[in-house]
Amino acid sequence: MLDVIGLTPAEEELYRCLLQLTTARIDELVRRLHRPRAQVVAQVEALRLKGLVLPTDTDPDAPLRPTAPDVALGAALLRRQEDLEAARRRVTQLAEEYRSGLRRHHGDHLVEVITGARVLRDRLRDLQNSARTEVLWFCRANPLAMAGPENVEEFDALARGVSYRAIYERDLLLEPGALVDLAKGVAAGEQARVLDRLPVRLAIVDARTAVCPLVPDRDGGEPSAAVIGRSQLLDALLALFESHWRVATRLRLDDPLAESTAEGRRPDPDGDPGGGHQPDADEARLLSLFVAGVPDKSIASQLGVSRRTVQRRLADLMAAAGVDTRPGLAFQAARRGWL
């Protein structure tokens, strides 16, 4: 396997032999490997040039000893990884140029139909791996192809600077472990919002490719989806996402108070920007889940407290806001800039 970074199988075998012996002379390696001396000498020289073998002194017949492989081969491995990453970006660019050319001359290439959960999952992973700027999601309950915990590609993309904006259906938040999984994504940098219902499942990458299922969830069977390239249809899907993003409720599961402080709160219409009371981080997190419509039981599980504690804290916030109903608390939380 090391031939991908320039170490031949014969050189690797010789190096492994030397690792077992700790030190050895050329003649001993010849006997153990059953190779011609000239061949062993050439392979030892190749390993020396790669930094894997050092003579114990200047005598050409002196014992040889191996060096640490991670030090000697680490630089070569890093260069290989960089070359592969550059090649991957180039292939992605060429593939986009290819599809763009097809779309200009053949309208039927604007939409590609794919079928099967595995094929759909692989395509979503490939698109995220090639993402350069932003990924948009409509996340409905009961995922067809990829559950949240399976989407490890998101964390890799976030780590390299790709922005993620996701809108979740409220029912999805009620699934076991969903809030914990969402909290991990938000902590990694994802921007998350919630709506009662979403019209379709949707993923859009870099405003250049969209993936949208073709048949309703209730129809059952193998899922099929349309992969849509740059077109007016894609523009319409982008507009659909943005219209829902504007009205969705922000979901904060990491440190909502710090985020709201950084962004700046909206001023209170009556001139009191904080409404007198300023919620702490736990209260702001609770309010975020409450306004998103998450039930008390799920809020309690997310915050690691009892349901009674959630109800008491909400009652305290209602008192601080000067209201006696939960809808009034939601209104005042938005009005006072608490979220």
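For the structure, see preceding data.
Now for a look at the structure at hand. Remember, it's a predicted structure, so these values are computed and weren't measured experimentally.

Concerning unusual backbone geometry
Argument step 1. One non-glycine residue, threonine 22, lies in positive phi territory at about 75 degrees.
Argument step 2. Tracing the backbone shows threonine 22 in the loop between α1 (9-21) and α2 (26-33).

So, the sheet that holds strand β10 (residues 249-251)
Argument step 1. The strand order across the open sheet formed by eight strands is β3-β9-β8-β7-β4-β5-β6-β10, and the pairing between neighbours is mixed. The open sheet has two edge strands with one neighbour each: β3 (111-115) and β10. Within this sheet the neighbouring strands show an average axis-to-axis angle of 20 degrees, counted without direction.
Argument step 2. Looking at chain direction, strand β4 (residues 134-139) and strand β5 (residues 163-169) are connected through six bridges and run parallel. Paired with phenylalanine 138 across the two strands is isoleucine 167, which belongs to β5.

Points about the packing of α1 against helix α3 (residues 37-49)
Argument step 1. Closest axis-to-axis distance for the α1/α3 pair is 10 Å, and the angle between their directions is 85 degrees. One finds that α1 runs roughly perpendicular with respect to α3. Residues Ala10, Glu11, Leu14 and Tyr15 of α1 form the contact with α3, whose participating residues are Val40, Gln43, Val44, Ala46 and Leu47.

Topic: the packing of helix α11 (residues 281-291) against helix α14 (residues 326-335)
Argument step 1. Between α11 and α14, whose axes approach to 11 Å, the crossing angle comes to 115 degrees. Viewed along their axes, α11 and α14 form a crossing whose handedness is left-handed. Judged by residue contacts, Leu287, Phe290 and Val291 of α11 engage Arg326, Leu329, Ala330 and Ala333 from α14.
Argument step 2. Looking at the contact of α11 with α14, its residues break down into six nonpolar, no polar and one charged.

Remarks on the environment of leucine 47
Argument step 1. Relative to the helices and strands, leucine 47 is located in helix α3.
Argument step 2. Expressed as a C-alpha distance, the spacing of leucine 47 and glutamate 11, which sit 36 residues apart in the sequence, is 7.0 Å.
Argument step 3. Residues in contact with leucine 47, not counting those within four places in the same chain, are Leu7, Glu11, Leu14, Tyr15, Leu52 and Val53.

A look at the pattern of salt bridges
Argument step 1. Evaluated as defined, the whole model comprises 16 salt bridges.
Argument step 2. Note that lysine 50 and glutamate 11 form a salt bridge whose closest N and O atoms lie 2.6 Å from each other. Taken together, the residues lysine 50 in the loop between α3 and β1 (53-55) and glutamate 11 in helix α1 connect sequence positions 39 residues apart.
Argument step 3. By relative accessible area, which is 29% here, lysine 50 ends up partly exposed.
Argument step 4. The shortest N-O distance in the salt bridge between arginine 125 and glutamate 153 comes to 3.4 Å. Taken as a pair, arginine 125 in helix α5 (residues 117-130) and glutamate 153 in helix α6 (residues 153-159) lie far apart in primary sequence, 28 residues in all.
Argument step 5. Classification of arginine 125 by relative accessible area gives partly exposed; the value is 22%.
Argument step 6. Judged by relative accessible area, which is 10%, glutamate 153 ranks as buried.

Here's the deal with α11
Argument step 1. Most of α11 sits out of view: eight of its eleven residues are buried.
Argument step 2. Along α11, the residues classified as buried are Glu283, Ala284, Arg285, Leu286, Leu287, Ser288, Leu289 and Phe290.
Argument step 3. One side-chain oxygen of the residue at the start of α11 lies 2.8 Å from the amide nitrogen of glutamate 283, identifying that residue as aspartate 280.
Argument step 4. Downstream of α11 by a residue or two, glycine 293 has a phi angle that is positive, lying close to 90 degrees.

Describing the side chain of arginine 35
Argument step 1. Structurally, the position occupied by arginine 35 is in the loop between α2 and α3.
Argument step 2. Overall, arginine 35 belongs to the buried group, its relative accessible area being 12%.
Argument step 3. In terms of polar contacts, arginine 35 uses its side chain to reach the side chain of glutamate 13, at 2.5 Å.

Cut-offs used in this document
- Once a new chain begins, its residue numbering starts again from 1 and follows that chain's sequence as written.
- At least 70 in pLDDT is required for a residue's local features to be given in this predicted model, at least 80 for side-chain atom pairs to be given and counted, and no such filter applies to totals for whole chains, interfaces and linings, which use all residues.
- Computation of side-chain values covers all heavy atoms of the structure but excludes hydrogens and water.
- Helix and strand labels come from DSSP, where a helix needs a run of H or I of at least four residues and a strand needs a run of E of at least two; each type is numbered from the N terminus.
- We call two strands paired when DSSP finds no fewer than two bridges between them.
- Every angle, taken between N-to-C directions, lies between 0 and 180 degrees, and every axis is a line fitted to C-alpha atoms, over only the stretch in contact when it is a helix.
- In this scheme, roughly parallel covers angles under 35 degrees and roughly antiparallel covers those over 145, while 65 to 115 is roughly perpendicular and the rest are oblique.
- For this analysis, residues touch if any pair of their heavy atoms sits within 4.5 Å.
- The hand of a helix crossing depends on one turn: near helix anticlockwise from the far one by less than a right angle means left-handed, and clockwise means right-handed.
- Residue polarity follows a fixed list, in which Ala, Val, Leu, Ile, Met, Phe, Trp, Tyr, Cys and Pro are nonpolar, Asp, Glu, Lys and Arg are charged, and the others, Gly among them, are polar.
- Any carboxyl oxygen of Asp or Glu within 4 Å of a side-chain nitrogen of Lys or Arg constitutes a salt bridge here.
- The buried label applies to any residue whose accessible area, calculated with a 1.4 Å probe on protein chains only, is under 20% of its type's maximum; exposed applies above 50%, and partly exposed to all values in between.
- What qualifies as a polar contact is a pair of N or O atoms within 3.5 Å, subject to a donor-acceptor requirement within protein and to the restriction that residues adjacent in sequence count only when both atoms come from side chains.

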